[in-house]
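Chain residues, written in single-letter form:
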Amino acid sequence: MFLHTHPYEPFIFEQAEKLIVGTLPPPRFTTGELKADDVDFCYGSRNGMLWPILDRIFDLGLVYENTHLAVEQRKNFLLANKIGVCDIVESAEREKVDASDLGMQNVRLRNLLHYLERYQNLKTVLFMGGNSKNGPEYFFRKLLKPIEVKLETISEEVPRIYRFQLPETDRKIQTVSLTAPSGAANRAVGSLASYKSMKAADANFNTLDFRVLQYRDFFLS
């Protein structure tokens, strides 16, 4: 079994108001075998879509390479826009060494509630995926279950929006389950009626375009 440990500590700071939450980067980030166009930072995989999406929304002019400059560009963006990153999985075991969420076994979770309580300006959790098995929302619900906290539904439309109250506080946190920024989610995107209608109107419209439109409202608000 391959022990897939998260290579990055949470990137959170006192001013952060939004928190990006996913699962694990590809195993090569754990082993340190990065490719020339990977970035040695959260969501830095050459195949990942999060930074290309944010690049388009904010016109960042990011470089996609394994350099200090690339890392600093991303950190500076997050700091300037009060966005933190704290993936919910600390480690998992795998029989097959790949990036599949479904392939994770014996998963150890980070205590996301601890970070939400500690950083009191956080108002919104942006899940990089939904409630399918081993997705970030799925694991977050597992953290909430023992303390009997339930997510209140705000919108059942994709991306689904929920709200909950942090225990022993008067703070209410909103969660948004965005379409995962990975190729594995493209089939699900293709099945959405909203995507099909946009594709019918513009043959050049693709799944990255769809995510840019979806993410924009929540990263700019």
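Computed from a predicted structure; not experimentally measured.

Draft legend 1. Quick look at the overall build of the protein chain. Along the backbone of the protein chain there are eight helices and nine strands. Here the C-alpha atoms of the protein chain give a radius of gyration of 17 Å, agreeing with the 17 Å that 2.2 N^0.38 yields for 221 residues. Each principal axis of the C-alpha atoms in the protein chain carries an extent, and together these give about 45 × 40 × 35 Å. Burial status across the protein chain gives 47% buried among its 221 residues. When contacts within the protein chain are restricted to residue pairs at least 6 apart in sequence, long-range pairs at least 24 apart make up 61% of them. Computed over 28 positive and 28 negative side-chain charges, the separation of the two mean positions in the protein chain equals 4 Å.

Draft legend 2. Up close: the sheet that holds strand 9 (residues 172-178). The six strands are arranged 3-2-6-9-8-7 in an open sheet whose pairing can be described as mixed. Across the chains shown, the open sheet's two edge strands, defined by having one partner strand only, are strand 3 (83-85) and strand 7 (152-155). Going from strand to strand, the sheet's axes swing by 25° on average, the running direction of each strand aside. Looking at chain direction, strand 2 (residues 18-21) and strand 6 (residues 124-128) are connected through four bridges and run parallel. Among the inter-strand pairings, K18 is bridged to a residue of strand 6, identified as T124. Lying over the sheet, helix 5 (residues 136-144) contacts strand 2, strand 6, strand 8 (160-165) and strand 9, oriented at roughly 130° with respect to strand 6.

Draft legend 3. Fine view of the packing of aromatic side chains. Applying the stated criterion to the full structure yields 12 aromatic pairs. Here the aromatic rings of F11 and F41 are separated by 5.6 Å at their centres, their planes lie at 85°, and the arrangement is edge-to-face. Residue F11 is found in the loop between strand 1 (2-5) and strand 2, and its partner F41 is found in the loop between helix 1 (27-31) and helix 2 (50-58); the two are separated by 30 residues along the sequence. Relative accessible area serves as the criterion here: at 17%, F11 is assigned to the buried category. Ring geometry for Y195 against F205: centres 5.8 Å apart, planes inclined by 40°, an arrangement best described as tilted. Here the residue Y195 occupies a position in helix 7 (residues 193-201), and F205 occupies one in the loop between helix 7 and helix 8 (207-220), the gap between them amounting to 10 residues. Grouping residues by exposure puts Y195 and F205 together as buried. Members of the aromatic cluster, connected to one another through ring pairs, are Y8, F11, F13, F29 and F41. Its guanidinium or amino end placed over the ring of Y64, R74 lies 5.0 Å from that ring's centre, counting from NZ or CZ. Between R141 and the ring centre of Y162, over which it is positioned, the NZ or CZ distance is 4.9 Å.

Rules used throughout
- Residues numbered from 1 in each chain as written.
- Predicted model: local features only at pLDDT ≥ 70, side-chain atom pairs only at ≥ 80, totals over all residues.
- Heavy atoms only, no water.
- Helix = DSSP H or I, 4+ residues; strand = E, 2+ residues; numbered from the N terminus.
- Rg over C-alpha atoms; globule rule 2.2 N^0.38 Å.
- Buried < 20%, exposed > 50% of the residue type's maximum accessible area, 1.4 Å probe, protein only.
- Contact = heavy atoms within 4.5 Å.
- Lys, Arg positive; Asp, Glu negative; His and termini not counted.
- Charge placed at Lys NZ, Arg CZ, Asp CG, Glu CD.
- Pairing = 2+ DSSP bridges.
- Axes fitted to C-alpha atoms, helices over the stretch in contact; angles between N-to-C directions.
- Phe/Tyr/Trp six-rings, centres within 6.5 Å; stacked < 30°, edge-to-face > 60°.
- Lys NZ or Arg CZ within 6 Å of the ring centre and 35° of its normal.

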